[in-house]
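Report on the structure
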Amino acid sequence: MRNIAVCGNQVTPSIINNDLIETIDMEGIKVNFGLIHTNDLEFDRNAPENEFMVLIKTKAFSCNYRDKHFILKAATKAPEKSFYVIGSEFVGEVIDIGSKVTELEIGDRVIGDGCYPHVKAEGIRPGLPTNNGSKEYQKFHQTKLIKVPPEMPDEVAAAFQIGGQTSYSMIRKLNIAPGENILVTAAKSNTSLFAINALKKYDVNVYALTTSMQFADELKQMGVKELIQIDPQKDSILENESVAAIVKQIGGFDCVIDPLFDIYLGKVIKAIAIEGRYITCGLYNQYSHLTNQDFYYHGSSMGEILSYALIKNIQIIGNCIGYTHDLRQAINDYQQGELNVIIDSIFDTKEIKDFFEQTYNVKHRFGKVVYKYN
Ligand SMILES: NC(=O)c1ccc[n+]([C@@H]2O[C@H](COP(=O)([O-])OP(=O)(O)OC[C@H]3O[C@@H](n4cnc5c(N)ncnc54)[C@H](OP(=O)(O)O)[C@@H]3O)[C@@H](O)[C@H]2O)c1
């Protein structure tokens, strides 16, 4: 079976299997990415340990910001003769099921269900089903998979779970009321693109912050009322004249959706309205310890943030992934044409280098980058 992996310098590609290894630069580190063949996965549907298990054949996968940490860790720390298979989102076809599987059938197309923090079956860990989602054959407990409808093509399904489940969870927790003013940071991050598209069915004003105005027209078409380019070196977004004018006019943002709290929380806190809600699902500084690049924080101190939050009765909410219900709602909305998913590009089997360059290195990416097995 095929796998897409970060390979140590001493991994030799098998010519018989048509293995392929290509190198790119990521954050100043040389990373070898390989299409590596390994033995197929064996699956005995009658074995007691497979009672609730489902065997899938992966058709496509994609990577996320979080995978960058695993990639750079494997490239800098893993033994030179080893390889580490990557991928956190996938779509596959069910090709076999255990004897007690009730929720899926052979032939179903499925994606992962990262339901978190609740455990859906005894002994099964909550959260993402895998960090090795490019394996061509994978075995999961039935509760870690969810069926996708025929309306959803493979390239969308392979890019759907993390953005869909996380953005729907964040919007659920914000309890948004009609007419509210919602600020979305890091507008072109995949998480924010999902959130902006998901907000379309709410009667709200969406404002967005970005570090570059590339794709401004596309963001406006998605329903962003005002897109504002900010200087990340500044301590507060209120130093930006456009933001200051909006805040003066609306009295502060009712909600903030922020995927990068160590970039934005300390900059946006004073732009939030009384009794506003701020929610975050992630941080920027996930790999500087692997690349030896310094990370400099700009913004209010934690003391200032919390003092301001308590005086203004602002809720600061954390969010990790979401419930199955959130993912199911996102899938339903997609099926009903109420949720658009933005795909930047699709690469196939031999285009490993291009796939990773586009996922992590190019500045003009807009949406998810998907790899398909042909
Ligand atoms: N816990 C969870 O459940 C969960 C789920 C999903 C995501 N996350 C987290 O959410 C975060 C975003 O993930 P993602 O996959 O959506 O990211 P992504 O698509 O890779 O985000 C890229 C965008 O982030 C912004 N950005 C990057 N570096 C920046 C910097 N130095 N200063 C300001 N903005 C910067 C830029 O937006 P602009 O071009 O618009 O400026 C850039 O286009 C990550 O921390 C990830 O781990 C967590």
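Residues numbered from 1 in each chain as written. Predicted model: local features only at pLDDT ≥ 70, side-chain atom pairs only at ≥ 80, totals over all residues.

**Regarding the overall build of the protein chain**
Formally: A run of DSSP states H or I qualifies as a helix once it reaches four residues; a run of E qualifies as a strand once it reaches two. Both are numbered from the N-terminal end. Partly exposed residues are those whose C-beta has more than 12 but fewer than 20 other C-beta atoms within 10 Å; 20 or more makes a residue buried and 12 or fewer makes it exposed, with C-beta atoms placed from the backbone. Here contacts are defined at the residue level, using C-beta atoms placed from the backbone and a cut-off of 7 Å between them.
The helix and strand tally for the protein chain stands at 11 helices and 17 strands. C-alpha extents for the protein chain along the principal axes are approximately 65 × 45 × 35 Å. Within the span of the protein chain, comprising 374 residues, buried residues form 44% of the whole. Pairs at least 24 residues apart make up 71% of the contacts formed inside the protein chain by residues separated by at least 6 positions.

**With respect to the site of the ligand**
Defined as follows: We call a residue near a molecule or strand when the C-beta position, derived from backbone atoms, sits within 6 Å of it. We call Asp, Glu, Lys and Arg charged. Ala, Val, Leu, Ile, Met, Phe, Trp, Tyr, Cys and Pro are nonpolar, and the rest, Gly among them, are polar.
In the region of the ligand, 24 residues are neighbours, and Lys-188, Ser-189, Thr-210, Thr-211 and Gly-282 sit closest. For the shell around the ligand, the elements supplying multiple residues, two or more each, are α1 (65-77), α3 (161-174) and α4 (190-198). Classifying every residue of the shell around the ligand gives 13 nonpolar, 9 polar and 2 charged.

**Some remarks on the sheet that holds strand β15 (residues 315-318)**
Under the convention used in this document: Here, strands pair whenever DSSP counts at least two bridges between them. For helices, the fitted axis covers only the stretch in contact; all axes are lines through C-alpha atoms, and the angles between them, taken along N-to-C directions, range from 0 to 180 degrees.
The strand order across the open sheet formed by 6 strands is β12-β11-β10-β13-β14-β15, and the pairing between neighbours is parallel. The sheet is open, and its two borders are formed by β12 (224-229) and β15, each paired with just one other strand. Along the sheet, successive strands turn relative to each other by an average axial angle of 20°, direction set aside. As paired strands, strand β10 (residues 181-184) and strand β11 (residues 205-210) are joined by 4 bridges and run parallel to one another. Bridge pairing in β11 places Asn-181 opposite Asn-205. The strands that α3 touches are β13 (253-258), β14 (272-280) and β15; relative to β14, the one it contacts most, it runs at about 155°.

**Overview of helix α6 (residues 241-250)**
Two residues of an α-helix separated by three or four positions point the same way, owing to the 3.6 residues in each turn. The condition that has to hold: Our arc is simply the arc of the directions from the helix axis toward the C-beta atoms.
Among all positions in α6, only Val-243, Ile-246 and Val-247 are buried. Axial view of α6: buried residues confined to an arc of 95°, hence all on one face. Turned more than 90 degrees away from the buried face of α6 sit Glu-241, Ala-245, Lys-248 and Gln-249, all of them exposed. The inward-facing, buried residues of α6 abut β11 and β12. Gly-251 sits one or two residues past α6 and shows a positive phi near 80°.

**Some words on the packing of α3 against α4**
Each pair of packed helices can be described by the angle between their axes along with the distance between the axes. Applicable threshold: Throughout, the term roughly parallel applies to angles under 35 degrees, roughly antiparallel to angles over 145, roughly perpendicular to angles from 65 to 115, and oblique to all others. By definition, any crossing whose near helix is turned counterclockwise from its far helix by less than a right angle is left-handed, and any crossing with a clockwise turn is right-handed.
For the pair α3 and α4, the least separation of the axes is 9 Å and the interaxial angle reads 55°. In terms of axis orientation, α3 runs oblique to α4. In terms of crossing hand, the pair formed by α3 and α4 is right-handed. From α3, Gly-163, Gly-164, Thr-166, Ser-167, Tyr-168, Met-170 and Ile-171 reach across to α4, where they touch Asn-190, Thr-191, Phe-194, Ala-195 and Ala-198.

**Observations regarding the packing of α3 against helix α10 (residues 324-335)**
Contact geometry of α3 with α10 gives a least axis separation of 8 Å together with a crossing angle of 110°. Between α3 and α10, the angle falls in the class roughly perpendicular. Seen from α3, the contacting residues are Gln-161, Gly-164, Gln-165, Tyr-168, Ser-169 and Arg-172; seen from α10, they are Asp-326, Leu-327, Gln-329 and Ala-330. Within the contact of α3 with α10, the residues separate by chemical class into 3 nonpolar, 5 polar and 2 charged.

**Here we look at the nonpolar core**
We apply this condition: Nonpolar cores are built from buried Ala, Val, Leu, Ile, Met, Phe, Trp, Tyr and Cys residues. These are joined into a set through C-beta atoms within 7 Å. These domain limits were set by an automatic method or by a database of domain assignments.
Of all hydrophobic cores here, the largest spans 102 residues; its most connected members are Val-6 and Ala-208. Here the element with the most residues in this core is strand β4 (residues 53-62); it accounts for 6 residues. The residue makeup of this core includes at least three contributed by each of domain 1 (2-160 + 341-372) and domain 2 (170-318). Residues within four places of Ala-208 in sequence aside, it is in contact with Val-184, Ala-187, Ile-196, Leu-219, Val-224 and Leu-227.

**Re the domain arrangement of the protein chain**
The domain architecture assigned to the protein chain consists of domain 1 (2-160 + 341-372) and domain 2 (170-318). Just the C-alpha atoms count here: the centres of domain 1 and domain 2 sit 31 Å apart. Of all the elements, α1 adds the most residues to the side of domain 1 that touches domain 2, at 6 residues.

**Thoughts on helix α7 (residues 261-268)**
Among the 8 residues that make up α7, 6 are buried, leaving the element largely enclosed by the rest of the structure. All of the buried residues in α7 are Phe-261, Ile-263, Tyr-264, Leu-265, Lys-267 and Val-268. Where α7 is buried, its residues touch β10, β13, β14 and α9 (302-311).

**What to know about the pairing of β13**
Moving residue by residue along a regular strand, the side chains alternate between the two faces of the sheet. This is how it is decided: If you view a crossover with the strands going away from you and the path from the first strand over the helix to the second runs clockwise, you call it right-handed.
With respect to burial, β13 is a largely interior element, 6 of its 6 residues being buried. In the sheet, β10 pairs with β13 via 3 bridges, with the strands oriented parallel. Bridged to Ile-182 within β13 is Cys-255. With 5 bridges connecting them, β13 and β14 associate as parallel partners. Bridged to Ile-257 within β14 is Ile-279. Once the chain exits β13 it traverses α7 before rejoining the sheet at β14, and the crossover so formed is right-handed.

**A look at the sheet that holds strand β5 (residues 83-85)**
Spatial strand order, β2-β3-β1-β5: 4 strands in an open sheet with antiparallel pairing. The open sheet terminates on both sides in strands that have one partner only, identified here as β2 (20-26) and β5. If you compare each strand with its neighbour and ignore which way they point, the axes differ by 35° on average. α1 rests against β1 (2-7), β2, β3 (29-37) and β5 of the sheet, and its axis sits at about 100° to β3. Lying on the sheet, helix α11 (residues 352-361) is in contact with β1, β2 and β3; it crosses β2 at an angle near 20°.

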